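Spelled out, the chains give:
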Amino acid sequence: MRYANPIIPGFHPDPSVCRVGEEFYLVNSSFEYFPGVPIFHSRDLVHWRPLGHCLDRPGQLPLEGAGASAGIWAPTIRHHDGTFYMVTTNKTHGGNFYVTATDPAGPWCDPVYLDPEGFDPSLLFDDDGRVYYTRHGGSAIVQAELDLATGQLAGALRPIWDGDGVFGPEGPHLYHIGEWYYLMIAAGGTAYGHLETLARSKSPWGPFEPCPHNPILSHRDHLANPIQATGHGDLVQDAAGRWWMVFLGIRRHSGLLHTFHHLGRETFLAPVEWDAAGWPVVGQAGQVFLEMDAPLPPAHPWPAEPTREAFAVPALGPEWNFLRNPQPGDWSLTDRPGHLRLHGSAVTLDERQSPAFLGRRQEHFDCRAGTELDFQPAREADEAGLSVFMHT
């Protein structure tokens, strides 16, 4: 079955995915935007619908003073014994934490903080009941056991692998597949040299043997490919036993190497095969394309979203984002029903505060946006309203 990449277009970096029965759930980084950690649902790995956000309350997600690309980094989603776990990093406030929910659409609990250092945490719920907490630890990936009963790390963090000779090991995920523990990490920076590499061991603590054909995913030697900066992936097995990787990448607008990629880092999908020696082969020898042919689960598209935002209900849809924690008086859906009204403030986009801002991700190379101005001549300028619709 043919499918198109990216599977989730626009600013949706650092994807992580889990499966429950025949349902798939995926989360992304959200950085300095609120709500945090968008969560998506799919039944075929290609068509995704937004469910909401894991962090939708200011108490879960303090973003005061968060600069560009600060805030929430690299979430991981896992499901264990009827509960969803999302673990992530708030680089601006508090460090690494997890939240839980029995329904992926929420509500999610308040944060359980684990440790303030490093970033990109991940969890493995092992067959023997142990839980492993793995994260970036500077020049190496570090790990400790997690005690779910107390919500605390059960021992000291210790290094388990420093990568495969490429700088910047990050984004680790530990998997127990058959007799092996596989540790997959991103490295090489987040630009055109980005890549995904992997090692395995009979113990979750190592020593880890690098895959002989590392990197298992990278376009650093394939600069003609319109998809670049591929990496920071997560593996998932479908109900039929086939394996897949979701990962981030960018799409260049033209064939030039350093053309501005204005859509940000997007979420892509690749099939994964296992060779005779038990090593994964991603896509076509570590390369992925805008169109792929792979044995996907049965197709399950969702109803198409409208291209015009009518603001017909008194709540914002999951596609809308504030810059940092919103000020309640800066916006309204009820001042003029059927419209979004923004009340301007003295805070500008250049400041690390919360301006009167609402935005949604651009998901296509070509976009047309329009506004209907609704100024009230008898009021002061800062009480003017602004009605917005988006067309992409």
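In this report, we go over the structure that sits alongside the text. (Residues numbered from 1 in each chain as written. Predicted model: local features only at pLDDT ≥ 70, side-chain atom pairs only at ≥ 80, totals over all residues. Heavy atoms only, no water.)

### Things to note about the packing of aromatic side chains
Considering all chains together, one arrives at 14 aromatic pairs under this definition. With a centroid separation of 6.1 Å and an interplanar angle of 65°, the aromatic rings of phenylalanine 11 and tyrosine 33 are classed as edge-to-face. Placement of phenylalanine 11 in the loop between β1 (2-4) and β2 (16-20) and of tyrosine 33 in strand β4 (residues 33-34) is noted, with a sequence separation of 22 residues between them. Where phenylalanine 322 meets tryptophan 331, the ring centres are 5.2 Å apart and the plane angle is 55°; that geometry is what we call tilted. (Phe/Tyr/Trp six-rings, centres within 6.5 Å; stacked < 30°, edge-to-face > 60°. Helix = DSSP H or I, 4+ residues; strand = E, 2+ residues; numbered from the N terminus.)

### Looking at the environment of histidine 213
Locating histidine 213 in the fold gives a position in the loop between β19 (209-210) and β20 (227-237). Put simply, histidine 213 and arginine 57 are 156 residues apart on the chain and 44 Å apart in space, counted from C-alpha to C-alpha. With residues up to four places along the chain from it excluded, the contact list for histidine 213 reads Asp275, Trp279, Pro280 and Val281. A distance of 2.7 Å separates a polar side-chain atom of histidine 213 from the backbone oxygen of proline 280. (Contact = heavy atoms within 4.5 Å. Polar contact = N/O pair within 3.5 Å; in protein donor to acceptor, adjacent residues only side chain to side chain.)

### Regarding the sheet that holds strand β3 (residues 23-27)
Spatial ordering of the open sheet is given by β2-β3-β5-β6, a layout of four strands whose pairing is antiparallel. Each edge of the sheet is formed by a strand with only one pairing partner; in this case those strands are β2 and β6 (49-55). On average, each strand axis in the sheet is inclined to that of its neighbour by 25°, with strand direction left out of account. Pairing analysis gives four bridges linking β3 to strand β5 (residues 36-42), with the strands arranged antiparallel. Pairing of tyrosine 25 across the sheet is with histidine 41, part of β5. (Pairing = 2+ DSSP bridges. Axes fitted to C-alpha atoms, helices over the stretch in contact; angles between N-to-C directions.)

### Focus: the pattern of salt bridges
By the definition in use, this model includes 11 salt bridges. With a closest N to O distance of 2.8 Å, aspartate 110 and arginine 57 form a salt bridge. Of this pair, aspartate 110 sits in the loop between β9 (95-101) and β10 (112-115) while arginine 57 sits in the loop between β6 and β7 (72-80), and the two are 53 residues apart along the sequence. Residue class for arginine 57 comes out partly exposed when judged on its relative accessible area of 29%. When the shortest N-O distance is used, the salt bridge between glutamate 179 and lysine 202 registers 3.5 Å. Residue glutamate 179 is located in the loop between β16 (170-177) and β17 (180-187), and its partner lysine 202 is located in the loop between β18 (195-201) and β19; the two are separated by 23 residues in the primary sequence. Residue classification places glutamate 179 among the exposed positions, given a relative accessible area of 52%. Residues participating in the shared-partner salt-bridge network are Asp56, Arg57 and Asp110. (Salt bridge = Lys/Arg side-chain N within 4 Å of Asp/Glu carboxyl O. Buried < 20%, exposed > 50% of the residue type's maximum accessible area, 1.4 Å probe, protein only.)

### Focus on empty space enclosed by the protein
Counted by the stated rule, this structure contains one cavity of 30 Å³ or more. Taken as a whole, the largest cavity holds about 40 Å³ of empty space. If you trace the largest cavity, you find it lined by Phe322, Pro326, Gln327, Asp330, Trp331, Pro355, Ala356 and Phe357. Split into classes, the residues belonging to the lining of the largest cavity amount to six nonpolar, one polar and one charged. (1 Å grid on protein atoms, 1.4 Å probe; cavity = no way out; pocket = protein on both sides within 12 Å on 5 of 7 lines; lining within 4 Å. Points joined across faces, edges and corners; volume = space filled by probe spheres on them. Nonpolar A, V, L, I, M, F, W, Y, C, P; charged D, E, K, R; others polar.)

### Some remarks on unusual backbone geometry
A cis amide bond links asparagine 5 to the next residue, proline 6, at an omega of 0°. You can see proline 6 is positioned in the loop between β1 and β2. Its identity as a non-glycine residue notwithstanding, aspartate 120 has a phi of 60°, on the positive side. On the secondary structure map, aspartate 120 appears in strand β11 (residues 119-125). Judged by its relative accessible area of 5%, aspartate 120 falls in the buried class.

### Let's talk about the side chain of aspartate 238
Here aspartate 238 is to be found in the loop between β20 and β21 (243-251). A distance of 3.0 Å separates a polar atom in the side chain of aspartate 238 from a polar atom in the side chain of tryptophan 244. When neighbours within four sequence positions are excluded, aspartate 238 is seen to be in contact with Arg19, Phe24, Trp244, Pro295 and Pro297.

### Observations concerning the sheet that holds β18
What links the strands of a sheet is backbone hydrogen bonding, and the strands pair in either a parallel or an antiparallel sense. If you trace the four strands from one edge of the open sheet to the other, you get β16-β17-β18-β19, paired in antiparallel fashion. Pairing within the sheet leaves two strands with one partner each, and these edge strands are β16 and β19. In the sheet, β16 pairs with β17 via six bridges, with the strands oriented antiparallel. Note on β17: the bridge partner recorded for isoleucine 177 is tryptophan 180.

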